[in-house]
Amino acid sequence: MLPASIQITGELLSAAEVQDICESLKEDSVRLLSVRGCQLSDRDFGRVCRSVAESHSLAQLNLNLGVVSSISRTRHLADALKTNRSLQTLFLHGSPLLDAGLVTLNSALSTHPALVSLDLGDCMLGDEALGLICGMLPPDGAKSGLRELTLSANPGISSKGWARLAIAVAHSSQLRVLNLDYNPLGDQIAGMLAVAVASSRTLEVLDLEGTGLTNQSAQVFLDMVENYPTSLRILVLAENDISPELQQQICDLLSEGEEDDDKEAPPLYPGHASSSALLPIRDKYQPIRDKYQPPTWLPHSNSGPQMVLLTSGLGESLLAETEM
């Protein structure tokens, strides 16, 4: 029997349901496990983690929206990752990890033999955590590292931290997708990122939605794509103070040679190009203009042709279930 998926969102999980999940993991009958936004006891969370450790089939684990809610749960997850050898994608978006949580997870994440996609959006991270994350983007000639990294909505990271990330991205031999949306980057950091993109031979997707950019940043990116060879295929500049004309110019330049790039580019996840069910779909941060409403999340896919996304923000709150 082919491994299946278990997807549950926003429910209170009973001990019996947790038991079923654990048994399925131990039987290697689960390839995708998503319990995003679910509530379960610390004891049951520990049981799930121990089963994740034993699983040889699990490729994608979604613990988004506060499931990893304490340092003790972070330790359980770290222990599981140290033993597990199959996981390729880990979603922790919306977990209050703080820097201490990343310190706890760092060894397990950085030494995992299969992990290629990591979502740490809205995890209340700072510069210490970002320094550890940079270690997961090894330079050319070093060990393999992350191919997709999401750091959306982590406003505690300083300009110094982002500059360090830009250097790591410039020298990474693996990274192909970088999501930095809804961080207060500004034009100065965007300029550093443009240099990193120009230096990178692998980065194909850069999401800078809602990062406080102006036409100054757009002009830098325009000059980059117009005059220098780049692997970049998608640049997201929505929700910034950038003119539609500049965005369209960048879009047009990125679209040139699209067919050749598609023919030459290897699959993001080797060995799984035909399995659309396992392509990572992240919870995209969606700012809410009504201050009395909590933040909500939208599934977001980074697949598609070369383009600059010109979408506008949604005016209402919603929580959409991830479709795999």
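Preceding block: the structure.
One structure accompanies this document, and this report is about it. This is a predicted model, so every value here is computed, not measured.

### So, the overall build of the protein chain
Here is step 1: The secondary structure content of the protein chain amounts to ten helices and twelve strands.
Here is step 2: With 324 residues in all, the protein chain has 53% of them scored as buried.
Here is step 3: By sequence separation, contacts in the protein chain at least 24 residues apart represent 82% of the contacts at least 6 residues apart.

### Re empty space enclosed by the protein
Here is step 1: What the rule picks out here adds up to three cavities of 30 Å³ or more.
Here is step 2: By volume, the second largest cavity amounts to about 40 Å³.
Here is step 3: Lining the second largest cavity we find Leu13, Ile21, Leu33, Val35, Leu40, Phe45, Val48, Leu63 and Val67.
Here is step 4: Residues belonging to the lining of the second largest cavity are distributed by class as follows: nine nonpolar, no polar and no charged.

### Things to note about the side chain of Thr150
Here is step 1: On the secondary structure map, Thr150 appears in strand β6 (residues 148–150).
Here is step 2: Judged by its relative accessible area of 1%, Thr150 falls in the buried class.

### Structural notes on unusual backbone geometry
Here is step 1: A positive phi angle, near 55 degrees, is found at Ala153, a position not held by glycine.
Here is step 2: Looking at the secondary structure, you find Ala153 in the loop between β6 and α6 (159–171).
Here is step 3: Look at Ala153 and you get buried, because its relative accessible area is 8%.
Here is step 4: The phi dihedral of Glu239 falls on the positive side, at around 60 degrees, and the residue is not glycine.
Here is step 5: Note on placement: Glu239 falls in the loop between β9 (234–236) and α9 (244–255).

### Focus on the nonpolar core
Here is step 1: Of all hydrophobic cores here, the largest spans 81 residues; its most connected members are Leu33, Leu120, Leu151, Leu165 and Leu208.
Here is step 2: Beyond its immediate sequence surroundings of up to four residues, Leu33 is in contact with Ile6, Ile21, Leu25, Val48, Leu58, Gln60, Leu61 and Asn62.

### A look at helix α7 (residues 186–199)
Here is step 1: Helix length check: α7 (14 residues) gives 20 Å between terminal C-alpha atoms against 20 Å at 1.5 Å per residue, within 8%.
Here is step 2: Listed as buried for α7 are Gly186, Asp187, Ile189, Ala190, Leu193, Ala194, Ala196 and Val197. Down the axis of α7, the buried set is contained in an arc of 165 degrees. They therefore lie on one face. Away from its buried face by more than 90 degrees, α7 exposes Gln188 and Val195.
Here is step 3: Where the residues of α7 are buried, they touch α6, β8 (205–207) and α8 (215–227).

### Comments concerning the pattern of salt bridges
Here is step 1: Scanning all chains against the criterion turns up five salt bridges.
Here is step 2: Measuring nitrogen to oxygen at the nearest pair gives 2.8 Å for the salt bridge that ties Arg73 to Asp42. Placement of Arg73 in helix α3 (residues 71–83) and of Asp42 in helix α2 (residues 42–54) is noted, with a sequence separation of 31 residues between them.
Here is step 3: Look at Arg73 and you get buried, because its relative accessible area is 6%.
Here is step 4: We classify Asp42 as partly exposed; its relative accessible area is 45%.
Here is step 5: For the salt bridge of Glu204 with Arg176, the shortest nitrogen-to-oxygen distance reads 2.7 Å. Placement of the pair is Glu204 in the loop between α7 and β8 and Arg176 in the loop between α6 and β7 (177–179), with a sequence separation of 28 residues.
Here is step 6: Residue class for Arg176 comes out buried when judged on its relative accessible area of 9%.

### What about the packing of helix α1 (residues 15–26) against α2?
Here is step 1: Between α1 and α2, the shortest axis-to-axis distance is 8 Å and the interhelical angle comes to 10 degrees. Between α1 and α2, the angle falls in the class roughly parallel. Two secondary-structure elements touch here, α1 through Ala15, Val18, Gln19, Cys22, Leu25 and Lys26 and α2 through Asp44, Arg47, Val48, Ser51, Val52 and Glu54.

### Thoughts on the pairing of strand β1 (residues 4–7)
Remark: a regular strand shows side chains that alternate across the two faces of the sheet.
Here is step 1: One ladder, built from four bridges, connects β1 with strand β2 (residues 30–34); its direction is parallel. From the neighbouring strand, Ser5 faces β2, where its bridge partner is Leu32.
Here is step 2: Between β1 and its parallel partner β2, the chain crosses via α1, and the hand of that crossover is right-handed.

### Some thoughts on the pairing of β2
Here is step 1: Counted residue by residue, β2 has four buried out of five residues, so it is predominantly covered.
Here is step 2: As paired strands, β2 and strand β3 (residues 60–62) are joined by three bridges and run parallel to one another. Residue Leu33 lies in a different strand from β3, and its bridge partner there is Leu61.
Here is step 3: One crossover worth recording links β2 to the parallel β3 by way of α2, and it is right-handed.

So, how was this worked out
Residues numbered from 1 in each chain as written. Predicted model: local features only at pLDDT ≥ 70, side-chain atom pairs only at ≥ 80, totals over all residues. Heavy atoms only, no water. Helix = DSSP H or I, 4+ residues; strand = E, 2+ residues; numbered from the N terminus. Buried < 20%, exposed > 50% of the residue type's maximum accessible area, 1.4 Å probe, protein only. Contact = heavy atoms within 4.5 Å. 1 Å grid on protein atoms, 1.4 Å probe; cavity = no way out; pocket = protein on both sides within 12 Å on 5 of 7 lines; lining within 4 Å. Points joined across faces, edges and corners; volume = space filled by probe spheres on them. Nonpolar A, V, L, I, M, F, W, Y, C, P; charged D, E, K, R; others polar. Core = buried A, V, L, I, M, F, W, Y, C linked by side-chain atoms within 4.5 Å. Expected span 1.5 Å × (residues − 1). Arc of directions from axis to C-beta. Salt bridge = Lys/Arg side-chain N within 4 Å of Asp/Glu carboxyl O. Axes fitted to C-alpha atoms, helices over the stretch in contact; angles between N-to-C directions. Parallel < 35°, antiparallel > 145°, perpendicular 65-115°, else oblique. Pairing = 2+ DSSP bridges. Right-handed = clockwise from strand over helix to strand, strands pointing away.

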